[in-house]
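Notes for the structure review
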Amino acid sequence: MSGGWLRPTVFGAVDGLVTNASLIAGLGGGGVSEHAIVLAGVAALVAGAFSMGTGEYISVTNQNELVHAEVAVEAAMHARFPAAEQAELADTFRGYGADPETAARMAAAVSRDPDTALRVHTREELGVDPFELPSAVLAGVSSLVAFSLGALVPLLPYLAGLPALAAALGIAAVALGAGGMVVGRLTGRPILRSGLRQLALGAIAVAVTFAVGSLIGGGHHG
């Protein structure tokens, strides 16, 4: 059940972290004022959070609508060809190792209740349960909040009156490693390797934006 909010929450937080750590590195490399860094960081937090939230909401909504459309087709098939659908169910149960007689009895029992029959069919054929779809609102809000929290991390030293790029990137690095480890835990991959990989990918993004900021800032000053 946590699939509706846990995945977008973790990925949203990591996204926010990488986005704002890179942005702050780019601006820091360009030599802009602390005030400009905070302003740009907060603007990126708000814009990114709403972008992530609405994107996740639309994605889950579209997914759910697609499932509902497929379930409607399946329901129409049940209404028009009940015998054929029951035979299909019996085939499914035989595929699980039931003998023909038991499979036929199970299919008949399931088919007595149209809702149950529809649920079993969609689960077998579409791989989804139409009665347990993720909430688009929950997924969207989770993404929005998570991105905001992730994006806030590199801004913390500036907001706390310690406007040091090294401090911002240090905090971001620790949080990125931790985020990568959580992703590893969720996906069943080696936790330490996932943390280090996330840290390395974030470091590349930060290094590139810092380099671009330095080049543009240097050129501007020159």
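Look above for the structure.
Residues numbered from 1 in each chain as written. Predicted model: local features only at pLDDT ≥ 70, side-chain atom pairs only at ≥ 80, totals over all residues. Heavy atoms only, no water.

**Here's the deal with the packing of helix 3 (residues 82-95) against helix 4 (residues 100-111)**
Direction vectors running N to C along helix 3 and helix 4 enclose 130°, while the axes themselves pass 8 Å from each other. Taken as axis vectors, helix 3 and helix 4 run oblique relative to one another. Relative to helix 4, the crossing made by helix 3 is right-handed. Residues Q86, L89, A90, F93 and R94 of helix 3 form the contact with helix 4, whose own contacting residues are P100, A103, A104, M106, A107, A108, V110 and S111. Its residues placed into classes, the contact of helix 3 with helix 4 shows ten nonpolar, two polar and one charged. (Axes fitted to C-alpha atoms, helices over the stretch in contact; angles between N-to-C directions. Helix = DSSP H or I, 4+ residues; strand = E, 2+ residues; numbered from the N terminus. Parallel < 35°, antiparallel > 145°, perpendicular 65-115°, else oblique. Left-handed = near helix turned anticlockwise from the far one by under 90°. Contact = heavy atoms within 4.5 Å. Nonpolar A, V, L, I, M, F, W, Y, C, P; charged D, E, K, R; others polar.)

**Some remarks on helix 5 (residues 114-126)**
In a regular helix each residue adds 1.5 Å, so 13 residues correspond to 18 Å; helix 5 covers 17 Å between its end C-alpha atoms and thus fits that length. For helix 5, the full list of buried residues reads A117, L118, V120, H121 and T122. Against helix 2 (34-80), helix 3 and helix 4 lie the buried residues of helix 5. Taken from the residues just after helix 5, G127 is the one with a positive phi, measuring 75°. (Expected span 1.5 Å × (residues − 1). Buried < 20%, exposed > 50% of the residue type's maximum accessible area, 1.4 Å probe, protein only.)

**Thoughts on the pattern of salt bridges**
Scanning the entire structure with this criterion turns up two salt bridges. Two residues, D91 and R94, come together in a salt bridge whose shortest N-O distance is 2.2 Å. Here the residue D91 and the residue R94 both occupy positions in helix 3, the gap between them amounting to three residues, near one helical turn. Given the relative accessible area of 43%, D91 is considered partly exposed. Across the salt bridge formed by E101 and R105, the nearest N and O atoms sit 3.1 Å from each other. With E101 and R105 both in helix 4 and four residues apart, this pair spans about one turn of that helix. (Salt bridge = Lys/Arg side-chain N within 4 Å of Asp/Glu carboxyl O.)

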